[in-house]
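# Topology and contacts: notes
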Amino acid sequence: MAASCVRRLCRGRGDKWRFVLRNRPFHTSTAARDSLLSALHRRGVLKECFPESAAQHELPRLLESGPQTIYCGFDPTADSLHAGNLLALIGLLHFRSAGHNVLAVIGGATAQIGDPSGKVTERERLSSSIAEANSRSIAESLWRIFTNHELLFCAEPARLGTVAVLNNAGWYRDWRVVDFLSEVGRHFRMGTLLSRHSVQARLKSAEGMSLTEFSYQLFQAYDFYHLHQLHGCRIQLGGSDQLGNLMTGHDYIHKKTGEDVYGLTLPLVTTSMGDKLGKTAGNAVWLNRDKTSPFELYQYFLRLPDTTVESYLKLFTFLPLAEVEKVMEQQRQDPGKRTAHKRLAAEVTKLVHGKDGLESAKRCTNALYNSSIAALEQMDDAELKELFREAPFQEFFLEPGTTVLDACRKAKAIPEGPRGYGMITDGGVWFNHQRAPNPEQVLVPGQHILSNGLSLIRVGKKNFYILKWLSM
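A brief report on the enclosed structure follows. What you see is a predicted model; the values in this text were computed from it and never measured. Residues take numbers from 1 onward in each chain, read along the sequence in its written order. With the structure being a predicted model, the display of local features is reserved for residues of pLDDT at least 70 and the display and counting of side-chain atom pairs for 80 or more, all residues being used for whole-chain, interface and lining totals. Excluding hydrogens and water, the side-chain figures rest on all heavy atoms present in the structure.

## Structural notes on the overall build of the protein
Worth spelling out the cut-off: Counting from the N terminus, the helices are DSSP H or I runs at least four residues long and the strands are E runs at least two residues long. Relative accessible area decides the class of each residue, using a 1.4 Å probe on protein chains only: under 20% of the type maximum gives buried, over 50% gives exposed, and in between gives partly exposed. Contact between two residues is taken to exist if any of their heavy atoms lie within 4.5 Å; hydrogens are not considered. Per-residue and other accessible areas follow the Shrake-Rupley method at a 1.4 Å probe size, with only the shown protein chains counted as cover for residues.
Within the protein, the secondary structure is distributed over 19 helices and 13 strands. Buried positions account for 53% of the 472 residues belonging to the protein. Within the protein, contacts between residues separated by at least 24 positions form 73% of all contacts whose residues are at least 6 apart in sequence. Taken as a whole, the protein presents about 21500 Å² of accessible surface, with 51% of it coming from carbon and sulfur.

What follows is the structure, encoded as structure tokens:
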């Protein structure tokens, strides 16, 4: 980690745990802060501001006045964030790069309530133990991305604001239901809560809406209030489907304190078919390596339609807009090189998985699509398992005289008897990207067995098997 930054585990009143990255004092110029909102709008990162009237004067003046605190929440409904969450993280990182302090709040408590925004049915109940386990996993993901950003994307880390990862389970643990409703609930009006779009949509559905889901607004509003009181947080960042919750938080804080706070929304990331890119949409691209490998993440962004690559470069990278235009001009001059797609895939993979993750993604790409023997030899067992997730991985002692036929049968890659023998002689079996048509050929190190002790067997076009050879 950069010398300017120290990671600490802090315990404080109301928080179960929190991690903090501390940097040197805020040094960003007024001009830089003043242009931040307009720059994010030009990139497409910001969509709406609430109150709308604050976007032109109040909020820019607030950002000019000195370092502010911005928060965004992440409910741990799974053990990993996904690409749909990445834009919110990038929004926080833009503010941090401008010298402002950011809070990433994991909803260890609110995940057990279930946010109804954008959902047509109620979420399945999440137990406290699963929510806690998911929270720990997501905290690690958040820190990995914050650290990668500081180490790999910041020329001057000393200019960064602070970052903290909190869990709202900490400040709800001591609340009793009656006390919460008596102290917090009395500040909310049913008519206003019922008017929210997320509520109206669910009330009109066949399933309706449970009291648990309906109360979610109160908890998110209280989160904002809690962060405002303890951390001086005045800005909340969220997806455009969170606008109703942002408004509820704004109203609650204004009633309690008389102070003005602000909400900023991000566009929802959608697929080329217009579907929301999220885990419940059935097309999730995860940010944890054990669920979506660096190679798979790299390939996802590499395969985006040409029509979306420019907007994704603006949304998901920190490249200056002038450089984005330069990259797009190179793509227009020679579309076959896919310059823009490769740059996008590299920037995102490096942010999420670091330099090692990007190098792994490129090795896997060369090994799979460019039939690179050198890339295969550089890969370790874990990378091969990631690249060929469905491929059986087996270990065997290498006995003298082991043949191509023996290896295929050990791997159960071919049927027993003449049919399996014929698949080899007909040219349907490959070892390390090279056809192996002789069943009686003794395995040759450097050809059938790579220097890392591995053999990658392919039968037909898509059936892979990985053998790890152990010395006798």
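## With respect to the sheet that holds strand β10 (residues 429-431)
Going by this rule: If DSSP finds at least two bridges between two strands, the strands pair.
Read across the sheet, 5 strands follow the order β9-β13-β12-β10-β11 without closing on themselves; strand pairing throughout is mixed. On the outer flanks of this sheet lie β9 (393-397) and β11 (434-435), each paired with one strand and no other. In the sheet, β10 pairs with strand β12 (residues 454-459) via 3 bridges, with the strands oriented antiparallel. Across the sheet, Trp430 pairs through a bridge with Arg458, a residue of β12.

## A few points about the packing of aromatic side chains
The line we're drawing: The rule is short: rings of Phe, Tyr and Trp, with Trp giving its six-membered ring, pair when the centres are within 6.5 Å, and they are stacked under 30 degrees, edge-to-face over 60, tilted in between. Any Lys NZ or Arg CZ that is within 6 Å of a ring centre and within 35 degrees of that ring's normal is treated as a charge sitting over the ring.
Evaluated as defined, the whole model comprises 20 aromatic pairs. Between Tyr312 and Phe316, the aromatic rings sit 5.1 Å apart at their centres with planes inclined by 50°, giving tilted as the arrangement. With Tyr312 and Phe316 both in helix α13 (residues 306-316) and 4 residues apart, this pair spans about one turn of that helix. No difference in accessibility class separates Tyr312 from Phe316, as the two residues are buried. Pairwise contacts between aromatic rings join Tyr172, Trp175, Phe180, Phe188, Phe219, Tyr222, Tyr225 and Tyr252 into one cluster. Positioned over the ring face of Phe393 is Lys385, at 4.5 Å from the centre of the ring.

## Focus: the packing of helix α4 (residues 128-153) against helix α15 (residues 339-369)
Short version of the rule: Axis lines are fitted through C-alpha atoms, for helices just across the contact stretch, and the angle between N-to-C directions can take any value from 0 to 180 degrees. Comment on the angle field: the value is read as roughly parallel under 35 degrees, roughly antiparallel over 145, roughly perpendicular from 65 to 115, and oblique elsewhere. Take the far helix as the reference: if the near one is turned anticlockwise from it by less than a right angle, the crossing is left-handed, and if turned clockwise, right-handed.
Axis separation between α4 and α15 bottoms out at 7 Å; the angle between their running directions is 110°. Comparing the axis directions of α4 and α15 gives the class roughly perpendicular. Every pair of crossing elements has a handedness; the one defined by α4 and α15 is right-handed. From α4, Arg144, Ile145, Asn148, His149, Leu152 and Phe153 reach across to α15, where they touch Glu347, Lys350, Leu351, Val352, His353, Gly354 and Lys355.

## Examining the environment of Cys49
The topology assignment puts Cys49 in strand β3 (residues 48-50). Classification of Cys49 by relative accessible area gives buried; the value is 14%. Linking Cys49 and Tyr262, residues 213 residues apart in sequence, is a C-alpha distance of 7.3 Å. If we ignore the near neighbours within four places in the chain, the residues touching Cys49 are Ala54, Ala55, Leu59, Gly263 and Leu264.

## Considerations on the pattern of salt bridges
Opposite charge on two side chains allows them to pair when their charged atoms are near. Applicable threshold: The term salt bridge refers to a pairing of a side-chain nitrogen on Lys or Arg with a carboxyl oxygen on Asp or Glu at a separation within 4 Å.
Summed over the entire model, instances satisfying the criterion amount to 16 salt bridges. Between Glu156 and Arg159 there is a salt bridge, with the nearest N and O atoms lying 4.0 Å from each other. For Glu347, the salt bridge identified is with Arg343, shortest N-O distance 3.2 Å. Residue Glu347 and its partner Arg343 are both found in helix α15; the two are separated by 4 residues, about one turn of the helix. Under the relative-accessibility criterion, Glu347 is labelled buried at 11%. Connected through salt bridges with shared partners, the residues Glu323, Arg343 and Glu347 form a single ionic network.

## Examining the environment of Asp356
By the element assignment, Asp356 lies in helix α15. Given the relative accessible area of 59%, Asp356 is considered exposed. As a C-alpha pair, Asp356 and Pro294 span 62 residues in sequence and 9.3 Å in three-dimensional space.

## Considering the pairing of β12
The buried fraction of β12 is high, at 6 of 6 residues. Burial along β12 is two-sided: Leu454, Leu456 and Arg458 facing one way and Ser455, Ile457 and Val459 facing the other are all buried. Pairing geometry for β12 and strand β13 (residues 463-470), over 6 bridges, is antiparallel. Paired with Ser455 across the two strands is Leu467, which belongs to β13. Between β12 and β13, which pair antiparallel and follow one another directly, the connecting turn spans 3 residues, one of which, Gly460, has a positive phi of 75°.

## Comments concerning helix α12 (residues 294-302)
Of all 9 residues making up α12, 7 are buried, and the element is well covered by its neighbours. Taken as a whole, α12 has its buried residues at Pro294, Phe295, Leu297, Tyr298, Gln299, Phe301 and Leu302. Lining the buried residues of α12 we find α13, α15 and α17 (381-387).

## A closer look at the nonpolar core
To be explicit about the condition: In this description, a nonpolar core means a group of buried Ala, Val, Leu, Ile, Met, Phe, Trp, Tyr and Cys residues linked to one another through side-chain atoms lying within 4.5 Å.
By size, the foremost hydrophobic cluster in this structure holds 67 residues, and its most contacted members are Leu142 and Phe316. With sequence-adjacent residues up to four places away left out, Leu142 is seen in contact with Phe74, Leu81, Leu89, Ala104, Ile106 and Val165. Judged by nonpolar contacts, the second largest core, of 28 residues, contains Ala109, Phe188, Leu218 and Leu227.

## Focus: unusual backbone geometry
Of note, the amide linkage connecting Phe50 to Pro51 takes the cis form, showing an omega dihedral of -5°. Inspection of the secondary structure puts Pro51 in the loop between β3 and α2 (58-64). Notably, Lys412 is not glycine yet its phi reads approximately 55°, a positive angle. What makes Lys412 exposed here is its relative accessible area of 65%.

## Here's the deal with the environment of Gly239
Positionally, Gly239 belongs in strand β7 (residues 233-239). Considering only alpha carbons, one finds Gly239 and Thr265, 26 residues apart in sequence, at a separation of 5.1 Å. Not counting residues up to four positions away in its chain, the partners in contact with Gly239 are Thr265, Leu266 and Leu268.

## Thoughts on the pairing of strand β6 (residues 163-167)
The buried fraction of β6 amounts to 5 of the 5 residues, a majority that puts the element mostly inside the structure. Where strand β5 (residues 101-106) meets β6, 5 bridges bridge the pair, whose relative direction is parallel. Across the sheet, Ile106 pairs through a bridge with Asn167, a residue of β6.

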